[in-house]
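So you can see what is in the structure, the chains are spelled out below.
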Amino acid sequence: MMWIKIKRIVHSGFYSFWRNGFVSLSSILVMVVTLFVIGSTIFSGAILSSTLNQIKDKVDINVYFLTTANEDEILALKKNLEQLPEVAPPVVYLSKEEVLASFKKRHQNDEFTLQALDELGENPLGATLNIKAKDPSQYESIINFFGLKGTECSSLESKFPIIDKVNYCQNKDAIDRLTNIINSANRLGFILTIFLIIISVLITFNTLRLVIYMSRDEINVMRLVGASTNYIRGPFFVAGAIYGFISAIITLILFYPITIWLANTTESFFVGLNIFHYYTANFGEIFLIIVGSGVAIGAISSYLAVRKYLKV
Amino acid sequence: MIHFDKVSKIYPDNSVALEDVSFSVEPKEFVSIVGHSGAGKTTLLKMFLAEEKPTKGKIFFESTDISTLKKGQINDFRRKVGVVFQDFRLLPDRNVYENIAFAMEAAGREDEEIEADVPHVLELVDLSKKIWNFPHELSGGEKQRVSIARAIVNQPDVVIADEPTGNLDPLNTYDIVQILKKINDLGTTVILTTHNKGVIDSLKKRVLTMENGRIIRDDKEGKYVI
């Protein structure tokens, strides 16, 4: 009995959708635009956060020790650093000799510098520590650990006497700026999405109002033969959900060529994230979000329309 | 079976549609209600169908007071009543079979029942040949027969016919009245409203005469007197 009712409600929902196809078109179009914006927000979020991660990865703190610094003291400091909750282990220690070796390697084509180094007779370079934070916002507290003074970020002075200087020339500014961009892009996307969702709900609401008006004879007859309230209202919910579902499918199909095109044109720009691969790799999730939003928008609109215009 | 107990209907603008109306209808009775337009016939039927509530008085169907029914109960109640209108109210985009099946679907009947009952009820109104036709392919009389078939297919206890012959020529009018009589003979209570003197005079059944919202005559084997 229940099953027959559900079957009939779904069936007449499809029927009403099909018969009012042209009226439904405007709802579907505006819903496609809304879902498209929701999808674009997902994509731009992915692009921006992958770019941010890459830049974050390039931020670090280099600590240069005096040439006279005792290795044991440096290692003790390293140990302390590794115990800080903000520091992402490992802290990389390069001894004086390793620093010299890598310096020589870096300048292997530069006869002049190497010659000057040889003439010096001793190793002028101090040992270094390379520190990475777990999160870019945590660099401040690591900097505090060293008790740094000075304004030039490339040569800050420390309270530790064995430290020559600390280099914290952050890509920090860049990160702050990018974080700001991401936050405001997200906020803008969110506001735009809300705005478009409201428009979609209103237009779908109006479409269903028209459909309800066109079906008034049918509704009258249903009432007279004693159809239950849910039986009369059900098909309109189904029709609303179908609008949402079809719009979602159209949107997902549209994203396919668009992401291919974007992937080709933006890959050199946003390094490392191929938007098309992102789309196909996360298709399940994106599918659920888009279809879910579509069906929800459709169902909410029909709920409002039915409540307002379908007095049973 | 049906009992109106001192029912009045006064609209918010103080116009009185019904005033102190009392009458009873027995099971299997055939009652005609006559009167000029605006005499209150349609208001009376609307109140019986629980589309409107009486301002004063009570309406009983069997032992239940219709005006106190809740929504879900109203639906159950309406399934016991079949309604036929002057303007047929068929769905234009569905054929005869679908129009009747639609009423059965709405009442929650099984598919097998629908397949068995629709041809049967069309036979009763003598329209088996037109089962796959659409309403615009039917004459007025045929449309009204479909509408009657739809009203009786859920086997209601009462059939209400609100001016069913108003749009029909004398020959079709005669046919429709004969069908209503047949339905009545099969055991269903019929309430008919009409303007048509010929119909009333040929029926030789009970007649209620209304004027200005009141019942002014109640004749056992009535004639059209106004």
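Quick look at the structure, then. (Residues numbered from 1 in each chain as written. Chains lettered and ligands numbered in written order. Predicted model: local features only at pLDDT ≥ 70, side-chain atom pairs only at ≥ 80, totals over all residues.)

## What to know about the interface of chain B and chain A
It is common to give the size of an interface as the accessible area lost on bringing the parts into contact.
And then number 1: Each partner contributes to the interface: chain B provides 16 residues, whereas chain A provides 16 residues.
And then number 2: When residues of the side of chain B that touches chain A are assigned to their parent elements, the largest contribution, five residues, is made by helix H2 (residues 71–78) of chain B.
And then number 3: Of the residues contributing to the side of chain B that touches chain A, the split by class is five nonpolar, four polar and seven charged. (Contact = placed C-beta atoms within 7 Å. Helix = DSSP H or I, 4+ residues; strand = E, 2+ residues; numbered from the N terminus. Nonpolar A, V, L, I, M, F, W, Y, C, P; charged D, E, K, R; others polar.)

## Remarks on the sheet that holds strand E6 (residues 81–85) of chain B
All names here are of chain B.
And then number 1: One open sheet holds the six strands; their spatial order is E6-E7-E8-E3-E9-E10, and the pairing between them is mixed. Of all the strands in the sheet, just E6 and strand E10 (214–219) have a single pairing partner and so form its edges. Neighbour to neighbour, the strand axes of the sheet diverge by 15° on average, direction disregarded.
And then number 2: The pairing of strand E3 (residues 30–34) with strand E9 (residues 206–211) spans four bridges and is classified as parallel. Pairing of valine 34 across the sheet is with threonine 209, part of E9.
And then number 3: Those strands touched by helix H1 (residues 41–48) are E3, strand E7 (158–162), strand E8 (189–194) and E9, and its axis lies near 150° from that of E7. (Pairing = 2+ DSSP bridges. Axes fitted to C-alpha atoms, helices over the stretch in contact; angles between N-to-C directions.)

## Thoughts on the pairing of E8 of chain B
All names here are of chain B.
And then number 1: Most of E8 is tucked away: six of the six residues are buried.
And then number 2: The side-chain alternation of E8 yields two buried faces, one formed by Thr189, Ile191 and Thr193 and the other by Val190, Leu192 and Thr194.
And then number 3: As paired strands, E3 and E8 are joined by five bridges and run parallel to one another. Counted as the bridge partner of valine 31 is isoleucine 191 from E8.
And then number 4: With five bridges connecting them, E7 and E8 associate as parallel partners. In the strand pairing of E8, alanine 161 is matched with leucine 192.
And then number 5: Between E7 and its parallel partner E8, the chain crosses via helix H6 (residues 170–185), and the hand of that crossover is right-handed. (Buried ≥ 20, exposed ≤ 12 C-beta atoms within 10 Å, placed from the backbone. Right-handed = clockwise from strand over helix to strand, strands pointing away.)

## Observations regarding the sheet that holds strand E4 (residues 56–61) of chain B
Sheets are built from strands that pair by backbone hydrogen bonding, the pairs being arranged parallel or antiparallel.
Residue and element names in this part refer to chain B.
And then number 1: Read across the open sheet, the four strands follow the order E2-E1-E4-E5; overall the sheet is antiparallel. Looking at strand neighbours, the two that pair on one side only are strand E2 (16–25) and strand E5 (64–65), the edges of this open sheet.
And then number 2: Sheet analysis places strand E1 (residues 2–10) next to E2, joined by six bridges and oriented antiparallel. Pairing of isoleucine 2 across the sheet is with valine 25, part of E2.
And then number 3: Packed on one face of the sheet, H1 meets E1, E2 and E4 and runs near 65° to E2.

## Notes on helix H5 (residues 140–152) of chain B
Residue and element names in this part refer to chain B.
And then number 1: Helix length check: H5 (13 residues) gives 19 Å between terminal C-alpha atoms against 18 Å at 1.5 Å per residue, within 8%.
And then number 2: The buried fraction of H5 is high, at eleven of 13 residues.
And then number 3: In this structure, the buried side of H5 is in contact with E6, helix H3 (96–106), helix H4 (111–124), E7 and H6. (Expected span 1.5 Å × (residues − 1).)

Coordinates in, geometry out; function isn't part of it.
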